[in-house]
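Here is what each chain is made of, one letter per residue.
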Amino acid sequence: MADRMAAFFLSPSGWLTGYLIIINLVTFAVYGADKWKAKHRRYRVPEKTLFLLAIFGGSLGALAGMQLFRHKTRHWYFRYGIPLLLLLQIALMIVLIQGTL
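The numbers attached to residues start from 1 for each chain and follow its sequence in the written order. Restriction of local features to residues with pLDDT of at least 70 applies here, the model being predicted, together with a cutoff of 80 or more for giving and counting side-chain atom pairs; totals for whole chains, interfaces and linings are based on all residues. Hydrogens and water are ignored here; the side-chain numbers use all heavy atoms of the structure.

Novice: Quick question: what am I supposed to make of the packing of aromatic side chains here?
Specialist: Aromatic ring pairs: the centre-centre distance and the angle between the two ring planes describe each pair. By convention, a stacked pair of Phe, Tyr or Trp rings (six-membered ring in the case of Trp) has centres within 6.5 Å and planes under 30 degrees apart, an edge-to-face pair has planes over 60 apart, and any other such pair is tilted. Per the stated rule, a full pass over the model turns up four aromatic pairs. An angle of 35° between the planes, with centres 5.0 Å apart, marks the rings of Phe-28 and Phe-69 as tilted. Of this pair, Phe-28 sits in helix 2 (residues 12–39) while Phe-69 is found in helix 3 (residues 47–69), placing the two residues 41 residues apart along the sequence. Three exposure classes are used, based on accessible area relative to the maximum for each residue type with a 1.4 Å probe and protein chains only: buried under 20%, partly exposed in between, and exposed over 50%. Residue Phe-28 is classed as partly exposed on the basis of its relative accessible area, which comes to 25%. Numbering of helices and strands starts at the N terminus; helices are DSSP runs of H or I of at least 4 residues and strands are runs of E of at least 2.

Below is the structure:
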């Protein structure tokens, strides 16, 4: 079992899976931290950074952070942009998995 997991995470798809897990956890944490900073009137994370994290693969973490922390849900570009990014990233993954790209 451990050999299979090691082989998977050393493969290109394993690297991609690991990257996506990490970027989504980081994105989720940044959305939570920014919400905390907003409540405590601290220096905020720029919206550009929040979007870039989603663009670089963290759209699922961004959407989860928006919903759980009720953060950035009033801004139309977050409310519609992040789910659109997630759908585009899912479509890209499907294309890559099927090998048609």
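This is not the end of the story, as more comes after the structure.
Novice: Explanation requested: the packing of helix 2 against helix 3 in the structure shown.
Specialist: When two helices pack together, their arrangement is given by the angle between their axes and by how far apart the axes lie. Remark: helix 2 packs on helix 3, axes separated minimally by 7 Å, with the N-to-C direction vectors making an angle of 55°. Comparing the axis directions of helix 2 and helix 3 gives the class oblique. The interaxial crossing formed by helix 2 with helix 3 has right-handed handedness. Residue composition of the contact of helix 2 with helix 3, by class: 15 nonpolar, eight polar and two charged. Inter-axis angles, ranging from 0 to 180 degrees, are taken between N-to-C directions of lines fitted to C-alpha atoms, where helices are fitted over the stretch in contact. Put simply, angles under 35 degrees are roughly parallel, angles over 145 are roughly antiparallel, angles from 65 to 115 are roughly perpendicular, and the rest are oblique. Handedness of a helix crossing follows the sense of rotation of the near helix relative to the far helix, less than a right angle counterclockwise being left-handed and clockwise being right-handed. All amino acids are sorted into three groups, where Ala, Val, Leu, Ile, Met, Phe, Trp, Tyr, Cys and Pro are nonpolar, Asp, Glu, Lys and Arg are charged, and the leftover types, Gly among them, are polar.

Novice: Explain the nonpolar core here, please?
Specialist: Most often, soluble globular proteins keep nonpolar side chains buried together rather than apart. Working definition of a nonpolar core: buried Ala, Val, Leu, Ile, Met, Phe, Trp, Tyr and Cys residues. They are joined through side-chain atoms within 4.5 Å. By size, the foremost hydrophobic cluster in this structure holds 13 residues, and its most contacted members are Tyr-31, Leu-50, Phe-78 and Ile-82. It is helix 3 that provides the largest number of residues to this core, a total of six residues. What makes two residues a contact is simply this: any of their non-hydrogen atoms within 4.5 Å. Apart from the residues within four sequence positions on either side, Phe-78 is in contact with Tyr-31, Glu-47, Leu-50, Phe-51, Met-66, Lys-72 and Pro-83.

Novice: Teacher, can you tell me more about the pattern of salt bridges here?
Specialist: Pairing between side chains of opposite charge can happen when the charged atoms of each approach one another. Here a salt bridge means any side-chain nitrogen of Lys or Arg lying within 4 Å of a carboxyl oxygen belonging to Asp or Glu. If you walk through the whole model with that rule in mind, you get two salt bridges. One salt bridge connects Arg-44 with Asp-34, and the closest N-O pair in it is separated by 3.0 Å. Highlighted residues: Arg-44 in the loop between helix 2 and helix 3 and Asp-34 in helix 2, separated in sequence by ten residues. Between Glu-47 and Lys-72 there is a salt bridge whose closest N-O contact spans 2.9 Å. In this pair, Glu-47 sits in helix 3 while Lys-72 sits in the loop between helix 3 and helix 4 (76–79), placing the two residues 25 residues apart along the sequence.

Novice: Even after reading the chapter, I still don't get helix 2, so can you show me in this structure?
Specialist: Turn by turn, an α-helix covers 3.6 residues, leaving residues three or four places apart pointing in a common direction. What a helix is expected to span follows from its residue count: subtract one and scale by 1.5 Å. When the terminal C-alpha atoms of helix 2 are compared, their 41 Å separation across 28 residues agrees well with the 40 Å that a helix rising 1.5 Å per residue should span. Of the residues making up helix 2, those classed as buried are Gly-14, Gly-18, Ile-23, Asn-24, Thr-27, Val-30, Tyr-31, Gly-32 and Asp-34. Buried residues belonging to helix 2 abut helix 1 (2–10), helix 3, helix 4 and helix 5 (81–98). Immediately downstream of helix 2, the backbone of Arg-41 shows phi near 50°, a positive value.

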